[in-house]
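# Topology and contacts: notes
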Amino acid sequence: MIEGEQLRKEYNMGDTVVHALDGVDLRIAEGEFVSIVGASGSGKSTLMHILGCLDRPTSGELLIQGQPVSSMNDRRLAAIRNRYIGFVFQTFNLINRTSALDNVALPLVYTRKPFSKRDARRALERVGLADRARHTPSELSGGECQRVAIARAIVNHPKLILADEPTGNLDTGTSAQIMEIFHDLHANGLTIVIVTHETEIAVQAQRMIQMCDGRVIDDSHVDEARRREVVALVESTRRRMFRTRSAS
Amino acid sequence: MFLFRIIAMAFGGLWTNLFRSLLATLGVIIGVGAVIAAVSILQGAEREILERFESLGADQLIVLNGSSRRQGRSVTISSLKLSDADAIERDNPKLVAATAPQVQAGSQVKYYQRNVYAPVLGTSPAYAAINSYDVADGRFLTREDVRGNAMVCILGYKVAGDLFGVRSAVGMKVKIAGKSFDVIGVMVERGTLGFIEVDKQVIIPITTAMGRMYGRRKLTSLIVQSTDPTKLVECIESVKKTLRSEHRIRAGKPDDFIIFTQEQIKENFAQVAVIFAVVLYSIAGISMVVGGIGIMNIMMVAVTERTREIGVRMAVGARRSDILIQFLFEAGIISLFGGGLGVLWGLAVSNLLDTVVDILTTYTPPIAIVFALVMAMVVGLLSGVYPAMKAARLDPVEALRFE
Ligand SMILES: Nc1ncnc2c1ncn2[C@@H]1O[C@H](COP(=O)(O)OP(=O)(O)OP(=O)(O)O)[C@@H](O)[C@H]1O
Ligand SMILES: [Mg+2]
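Residues numbered from 1 in each chain as written. Chains lettered and ligands numbered in written order. Predicted model: local features only at pLDDT ≥ 70, side-chain atom pairs only at ≥ 80, totals over all residues. Heavy atoms only, no water.

### Some details on the packing of aromatic side chains
All names here are of chain B. Evaluated as defined, the whole model comprises 5 aromatic pairs over all chains. Here the aromatic rings of Tyr-111 and Phe-164 are separated by 4.2 Å at their centres, their planes lie at 50°, and the arrangement is tilted. Here the residue Tyr-111 occupies a position in strand S4 (residues 96-111), and Phe-164 occupies one in helix H7 (residues 157-164), the gap between them amounting to 53 residues. You can call Tyr-111 buried: its relative accessible area is 12%. Judged by centre distance (6.2 Å) and plane angle (10°), the ring pair of Tyr-127 and Phe-140 falls under stacked. Of this pair, Tyr-127 sits in helix H5 (residues 126-130) while Phe-140 sits in the loop between strand S6 (135-138) and helix H6 (143-147), and the two are 13 residues apart along the sequence. Note on accessibility: Tyr-127 and Phe-140 belong to one class, buried. (Phe/Tyr/Trp six-rings, centres within 6.5 Å; stacked < 30°, edge-to-face > 60°. Helix = DSSP H or I, 4+ residues; strand = E, 2+ residues; numbered from the N terminus. Buried < 20%, exposed > 50% of the residue type's maximum accessible area, 1.4 Å probe, protein only.)

Written as C-alpha cells, this is what we have:
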C-alpha cells in the first residue's frame, strides 16, 4: 500500500550536508503492524514525515497505492493526509483551547463535507474516552491526551496510522493501555507503523525495522521466540536494577 | 458550510485572547469612533443649517453690514441706513419687488405679572409678504405705523401664548422694555425663519425700533426680494450699485456691505464642510493605519504562538489556503469587532454632545455606520494578509517541531 524507493532526505547545514535519510527502500503492505527502532538521530522521524506526506524526499520516490507522490501537488497531499493517514505524535499535539471532541473533529472539518460530531464522539468511544468529550487537553492526563490524539487520527477512517514515539512521554502502565488500542485498531484492519525507543514496545509489532544513520540496517519478522526472549531480558534487567537499588 | 467552520475556528482563536485582541484594535476603535462622532456633528450641523436656509426664499437677497480688517482684526462697519431700503426699491423697479429693513434687539415683554424675554424685530410692512409669514389674528404693520413711529407690536405665536394664554391678545397693551405698546396682531405659528425662532419674536415698526426704542442709526440687515429668481445675479449687481452710490463709495474702494443669497450661504457652508471632512477623514485614515499596524502586530504574535497548531492542522489535512483564510478571517473579525465598538463609542459621544451642548444637533447617517464597519473590515483583512501568508507558508514538519 505504501512503497519507498531510495528515499533520501538531505539538509544543507552551511558547509556540511546532513543525510537524515540515506537511501531507504521500504514496502509496507496493508494490514501490517510495523515498528521502527534506532538510535536518536537515525532518521526515524524523518522517514515517518515522508511516509505521512508531511514532507517530500530530496530524492527517491514514494508510492501510495501505486501513485507517485512526486506527481502530486500540495493540495492532493493535504487530502491524502486528511483521508488516508492518521498521525499520532509523542507530544500529542492537541489544540489546547478546544475540547477533546473538537480536537477529534478537526480532520472532519478539512474533509470539506458536512459532518456531524457523532463521528467524533464515536472515535472517542473507541479509545474509551466518551465521558471526557467536553474536557480540554489541560484537564486530561497524558495517557488520556494520547487517546484523544488517537481518536483524532482514526476519526476519518484512514488506512494507515503513523505513530512517532506515541508512548515516549508515558509511564509503563499507560503505555500498555495505548498499545492495547493500537492492537485493537490493527485487529480491525488498520495498517500501523510505530516508532519507538523501547524494545518491549517494538517487539509487539509483527515486523521490526532497525535504522542507523539514515539507513535501514535490519528489517525482520518478529516471531514468538524473539518476543519472549525480549520480554524475559527486560524482566531480568528490571529485577537486577531493583536489586541494586534496594541494596544501595 | 466549510467556510462557516473556518470562521467559527477564527472566532475560537480570538476568544482565547479576547483582551489582547481588543487592545490590538484600539486604533480601529478610536479611528472609527472619531469618524462616527465627527460625521454625526457635521451632518447634524449641515441638516440644521440647510433646513433653516430652505425656509428663506430662493428669490431673496440678504444685505448685511460689511466688515473691514483693522490691525488684523475684523471689525463690522455699520453702514446700512433706513433710506437704503427705499433707495433700492426706487432705483431698481424692474429687478426688486420689495425690501424689508431689519433692526434686531431683545427686550423684556410684560403683560401685568407675565414676563418673557423676546427678540424684538423692527421692520416694515413688506416683511410679512417677503417671508410669506402673516398674522393669524389682527393685522400686520402698515405704512402709517412706520411713518408715525407708532407704538404698536405684533406678537409671535409663542409670545402671545406665554403672555395671554388662550385669550386674544389683539387690543391689549404690553410693555416692551418698560414702554407701552398696543398689540395689533398675532402671527401664525411658523417655528423658525432662517436662524430666528420667529414664534418667540415681537415685531414693531422699524422707525419705532430705531428711534424711541433702541436709538439705532443703522440697520442690522436688509432683505431684498427680487422680481425674478432667475435674474438673481443681475439683481445683486444692481443692488450693489445702488448701495455704493448711496454710501458714496469711490470706485476701487471695497464695499461696506455684504450681499448673500441662499445659494451662496449653502455653498459657503459646503466649502467649510469639505475642509472639515478632509481634516476628519485624514485623522480617521491615520488612526486606521495605526489600527491596522496594531492588528498586524497581534496577528504576527498569534501566528508565532500558534505555529504548532498550524502544523497540526496541516498534518490532519488543512490546505495552505485553509490556514490563510482562517488567519485572514481572524484579522478581519477582530477589526470588525473593533469597528463595532468604535461605532458604539462614536454614537455615545455624538449623543452626549447632542444633549449636553445646546446649540448642537447631531445626526448619524446609517450609511456612515455601514461605511465605517466596511472600512474596519477592509483594514483588518489588509493587515491580516502578511501574517496569514506567513502562517500558510509554514513547513508542516518545522511547525510541528516548534517549541
Ligand atoms: N530541519 C532539519 N535541519 C537539519 N537537520 C535535520 C532537520 N531535521 C532533522 N535533521 C537531522 O536529521 C537527522 C535525523 O533526524 P530525525 O528527527 O529523523 O531522527 P530520529 O531518528 O527521529 O531521532 P529521535 O529518536 O531523537 O527522534 C538528525 O541528525 C537530525 O539532526
Ligand atoms: Mg524522532
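### Focus on the sheet that holds strand S7 (residues 160-164) of chain A
Residue and element names in this part refer to chain A. Spatial ordering of the open sheet is given by S6-S7-S8-S3-S9-S10, a layout of 6 strands whose pairing is mixed. Only two strands of the sheet have a single neighbouring strand rather than two, namely strand S6 (85-88) and strand S10 (215-221). The sheet shows a mean angle of 15° between the axes of neighbouring strands, taken without regard to direction. Direction of pairing for strand S9 (residues 207-212) relative to S10: antiparallel, over a ladder of 6 bridges. The partner of Arg-207 across the bridge, within S10, is His-221. Docked against the sheet, helix H6 (residues 172-187) engages strand S3 (33-38), S6, S7 and strand S8 (191-195), running at close to 150° with respect to S8. (Pairing = 2+ DSSP bridges. Axes fitted to C-alpha atoms, helices over the stretch in contact; angles between N-to-C directions. Contact = heavy atoms within 4.5 Å.)

### What about the confidence of the model for chain A?
Residues at a pLDDT of 70 or more form 98% of chain A, whose mean pLDDT is 92. Mean pLDDT values for the elements of chain A range from 77 in helix H8 (residues 224-247) of chain A up to 97 in S8(A). (pLDDT = per-residue confidence, 0-100.)

### Observations regarding the packing of helix H12 (residues 320-356) of chain B against helix H13 (residues 366-392) of chain B
Residue and element names in this part refer to chain B. H13 packs onto H12 with a crossing angle of 150° between their chain directions and a minimal axis gap of 7 Å. Relative to H13, the element H12 is oriented roughly antiparallel. When you trace H12 past H13, the crossing you get is right-handed. (Parallel < 35°, antiparallel > 145°, perpendicular 65-115°, else oblique. Left-handed = near helix turned anticlockwise from the far one by under 90°.)

### A short note on the domain arrangement of chain B
Taken domain by domain, chain B comprises domain 1 (2-52 + 267-401) and domain 2 (80-255). Look at where the C-alpha atoms of domain 1 of chain B and domain 2 of chain B centre, and you get two points 54 Å apart. (Domains from an automatic or database assignment.)

### Things to note about the interface of chain A and chain B
Each side of the interface is counted separately: chain A has 22 residues, and chain B has 27 residues. In total, about 2400 Å² of surface goes out of reach between chain A and chain B, with carbon and sulfur atoms giving 58% of it. Ranking the residues of chain A by area buried against chain B places Arg97(A), Tyr110(A) and Arg112(A) at the top, with a combined share of 32%. The partner of Arg112(A) in a salt bridge is Asp322(B), with the nearest N and O atoms 2.4 Å apart. At the junction of chain A with chain B, the criterion picks out 8 residue pairs in polar contact (both at pLDDT 80 or more). Every element with two or more residues in the side of chain A that touches chain B is listed here: helix H2 (74-83) and helix H3 (100-109) of chain A. By residue number, the principal contributor to the side of chain A that touches chain B is H2(A), which donates 5 residues. A class-by-class count of the residues in the side of chain A that touches chain B yields 11 nonpolar, 4 polar and 7 charged. (Buried area = accessible area lost by both parts, 1.4 Å probe. Salt bridge = Lys/Arg side-chain N within 4 Å of Asp/Glu carboxyl O. Polar contact = N/O pair within 3.5 Å; in protein donor to acceptor, adjacent residues only side chain to side chain. Nonpolar A, V, L, I, M, F, W, Y, C, P; charged D, E, K, R; others polar.)

### A word on empty space enclosed by the protein
Vacant regions in the atomic arrangement are exposed by a probe of water-molecule size rolled over the atoms. Summed over the entire model, instances satisfying the criterion amount to 1 cavity of 30 Å³ or more. Empty space within the largest cavity amounts to approximately 90 Å³. Taken together, Arg81(A), Asn82(A), Ile85(A), Gly86(A), Phe87(A), Phe89(A), Pro107(A), Arg152(A), Ala153(A), Asn156(A), Ala315(B) and Val316(B) form the lining of the largest cavity. Among the secondary structure elements, those contributing two or more residues to the lining of the largest cavity are H2, S6 and helix H5 (142-154) of chain A. With 3 residues, S6(A) is the single largest residue contributor to the lining of the largest cavity. Looking at the lining of the largest cavity residue by residue, the classes come out as 7 nonpolar, 3 polar and 2 charged. (1 Å grid on protein atoms, 1.4 Å probe; cavity = no way out; pocket = protein on both sides within 12 Å on 5 of 7 lines; lining within 4 Å. Points joined across faces, edges and corners; volume = space filled by probe spheres on them.)

### What to know about the nonpolar core
Judged by nonpolar contacts, the single largest core of 107 residues is most densely connected at Leu47(A), Tyr110(A), Leu124(A) and Phe182(A). Setting aside residues up to four positions removed in sequence, Leu47(A) forms contacts with Leu7(A), Leu21(A), Val24(A), Leu26(A), Ile36(A) and Met211(A). Counting 44 residues, the second-largest nonpolar core is a separate cluster that includes Leu61(B), Leu80(B), Val224(B) and Ile249(B). (Core = buried A, V, L, I, M, F, W, Y, C linked by side-chain atoms within 4.5 Å.)

### Side note on the packing of H3(A) against helix H4 (residues 117-126) of chain A
Residues and elements named next belong to chain A. It is the contact of H3 with H4, at a shortest axis distance of 9 Å, that shows an interaxial angle of 120°. Our classification of the angle between H3 and H4 gives oblique. Once H3 is placed against H4, the crossing between them reads as right-handed. Contact residues: Leu-101, Asp-102, Val-104, Ala-105 and Leu-108 in H3; Lys-117, Asp-119, Ala-120, Arg-121, Ala-123 and Leu-124 in H4.

### Let's talk about the pairing of strand S3 (residues 73-76) of chain B
Residue and element names in this part refer to chain B. Taken together, the 4 bridges between strand S2 (residues 67-70) and S3 define a ladder with antiparallel strand orientation. When the sheet's bridge partners are listed, Arg-69 is paired in S3 with Ser-74. Connecting S2 to the antiparallel partner S3 that follows it, the hairpin turn spans 2 residues, and Gln-71 within it adopts a positive phi of roughly 50°.

### Describing the pairing of S6(A)
Residues and elements named next belong to chain A. Here S6 shows a buried face lined by Ile-85 and Phe-87 and a second buried face lined by Gly-86 and Val-88. Here S6 runs beside S7; their pairing, made up of 4 bridges, is parallel. Among the inter-strand pairings, Gly-86 is bridged to a residue of S7, identified as Ile-161.

### Some thoughts on the environment of Ser350(B)
Residues and elements named next belong to chain B. Inspection of the secondary structure assignment puts Ser-350 in helix H12. Under the relative-accessibility criterion, Ser-350 is labelled buried at 1%. Sequence separation of Ser-350 and Thr-364 is 14 residues, and the distance between their C-alpha atoms is 8.3 Å. A distance of 3.2 Å separates a polar atom in the side chain of Ser-350 from the backbone oxygen of Leu-347.

### A few points about the pattern of salt bridges
Scanning the entire structure with this criterion turns up 25 salt bridges over all chains. Residues Arg122(A) and Asp119(A) are paired through a salt bridge, measuring 3.7 Å at the closest nitrogen-oxygen approach. In this pair, Arg122(A) and Asp119(A) are both assigned in helix H4, 3 residues apart and thus about one turn of the helix distant. Take Arg122(A): its relative accessible area is 46%, and that puts it in the partly exposed class. It is possible to trace a salt-bridge network through shared partners that takes in Arg97(A), Arg306(B), Glu309(B), Arg313(B) and Glu330(B).

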